[in-house]
Amino acid sequence: MIFNRTEMIFGKEAVARFKQVKVAVFGLGGVGSYACESLARSGFSRFVLVDFDTVDRTNINRQNIALHSTIGKAKTDVMMERLLDINPDCEIEFYNEFADINTRNKMLSNGVDFVVDAIDSLNPKVGLLEDVYNLGIPIISSMGAGNRIDPSQVRLSDLFESQGCPLASRVRKYLRRRGISSGIPCVYSSEKPVELNLECNAKSEVSRGRARVPVGSVSYMTAIMGLWVSSYVIRTIANR
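Residues numbered from 1 in each chain as written. Predicted model: local features only at pLDDT ≥ 70, side-chain atom pairs only at ≥ 80, totals over all residues. Heavy atoms only, no water.

Comments concerning the sheet that holds strand β6 (residues 154-158)
With respect to topology, seven strands assemble into an open sheet ordered β3-β2-β1-β4-β5-β7-β6, the strand pairing being mixed. Here the strands that pair on one side only, and so sit at the sheet edges, are β3 (91-95) and β6. The sheet shows a mean angle of 15 degrees between the axes of neighbouring strands, direction not considered. With five bridges connecting them, β6 and strand β7 (residues 185-189) associate as antiparallel partners. The residue of β7 that forms the bridge with R155 is Y188. Contacts from helix α4 (residues 75-86) reach β2 (46-50) and β3, with the element oriented near 170 degrees to β3. (Pairing = 2+ DSSP bridges. Helix = DSSP H or I, 4+ residues; strand = E, 2+ residues; numbered from the N terminus. Axes fitted to C-alpha atoms, helices over the stretch in contact; angles between N-to-C directions. Contact = heavy atoms within 4.5 Å.)

Focus on the packing of aromatic side chains
With the rule as written, the count across this model stands at four aromatic pairs. Consider the rings of F10 and F18, whose centres lie 5.9 Å apart with planes at 70 degrees: the pair is edge-to-face. What makes F10 partly exposed here is its relative accessible area of 32%. What makes F18 buried here is its relative accessible area of 0%. Note on F52 and F98: the rings are 5.1 Å apart at their centroids and 70 degrees apart in plane angle, and the pair reads as edge-to-face. One end of the pair, F52, is in the loop between β2 and α4; the other, F98, is in the loop between β3 and α5 (104-108), with 46 residues separating them in the sequence. You can call F98 buried: its relative accessible area is 17%. Among the aromatic residues, those joined into a cluster by ring pairs are F10, F18 and F44. It is R177 that lies over the ring of Y174; its NZ or CZ is 5.0 Å from the centre. (Phe/Tyr/Trp six-rings, centres within 6.5 Å; stacked < 30°, edge-to-face > 60°. Buried < 20%, exposed > 50% of the residue type's maximum accessible area, 1.4 Å probe, protein only. Lys NZ or Arg CZ within 6 Å of the ring centre and 35° of its normal.)

So, the nonpolar core
Nonpolar side chains in soluble globular proteins tend to end up buried together. Of all hydrophobic cores here, the largest spans 40 residues; its most connected members are F18, V23, F44, F47, L49, L83 and V233. Mapped by element, the contributors of at least two residues to this core are α2 (12-20), β1 (22-26), α3 (30-41), β2, α4, β4 (114-117) and α8 (219-238). For this core, the leading source of residues is α8, giving seven residues. For V233, the residues in contact, after removing those within four places along its chain, are V23, L39, F44, F114, V116 and I140. Grouped together as the second largest cluster of nonpolar side chains are 29 residues, A24, V112, V132 and L167 included. (Core = buried A, V, L, I, M, F, W, Y, C linked by side-chain atoms within 4.5 Å.)

Quick look at the pairing of strand β5 (residues 139-142)
In the case of a regular strand, side chains alternate between the two sheet surfaces. Alternating positions in β5 separate into two faces, I139 and S141 on one and I140 and S142 on the other, with burial throughout. Bridge count between β4 and β5: three bridges; the pairing is parallel. Bridge pairing in β5 places D117 opposite S141. In terms of handedness, the path from β4 via helix α6 (residues 122-135) over to β5 forms a crossover that is right-handed. Sheet topology note: the β5/β7 ladder contains two bridges and is parallel. Directly across from S141, in β7, lies its bridge partner C186. (Right-handed = clockwise from strand over helix to strand, strands pointing away.)

Any link to function would need more than the numbers given here.
What follows is the structure, given as structure tokens:
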């Protein structure tokens, strides 16, 4: 059995629960792709994958689904193939769509038990957090991994107790306007964002909506934050 060594740590009952929990992963970039894979390797087998984007050459430095062989493919398709290669018994729903006010309801329906928020756009992120909070679904949210290089400053806390993360600060502001002021766990970095090398050839990115200035990234930071996210899900379900 491929999960025997996981059972040695958490026990058979916990691993049996892992198999039953349906996890919705919103955002399959650097953080989300590593979180998703870690959950599958730990015995989770029911997934809802959400990402409207395709793999780009610029993703190769930080996303485990980004390879030269996957450039141009939908991230949901590549992630699904990877999960099934890890565990052929996985049951996977996927939405190659943008998570917005018109689509989130169907994405969160049909028995979702846990949500991983790895969205990097502010408005969709806030909207998802508000919906999940009001629905009472357990969630773990990832804040900014870009422009950071020090893994020792990655933290886990309530979003409203996080410090030093500009994205977390903006998310808090918008959630407070919607009456939410606690109860959303998040993984974040307290490190001050590094100054970027403006001589590089990075171009502005337009995924949907307005153009966004490229953010510097390094492979280990997105991976570490993704694994922190998965560890929270795993330990929470194991301790039920």
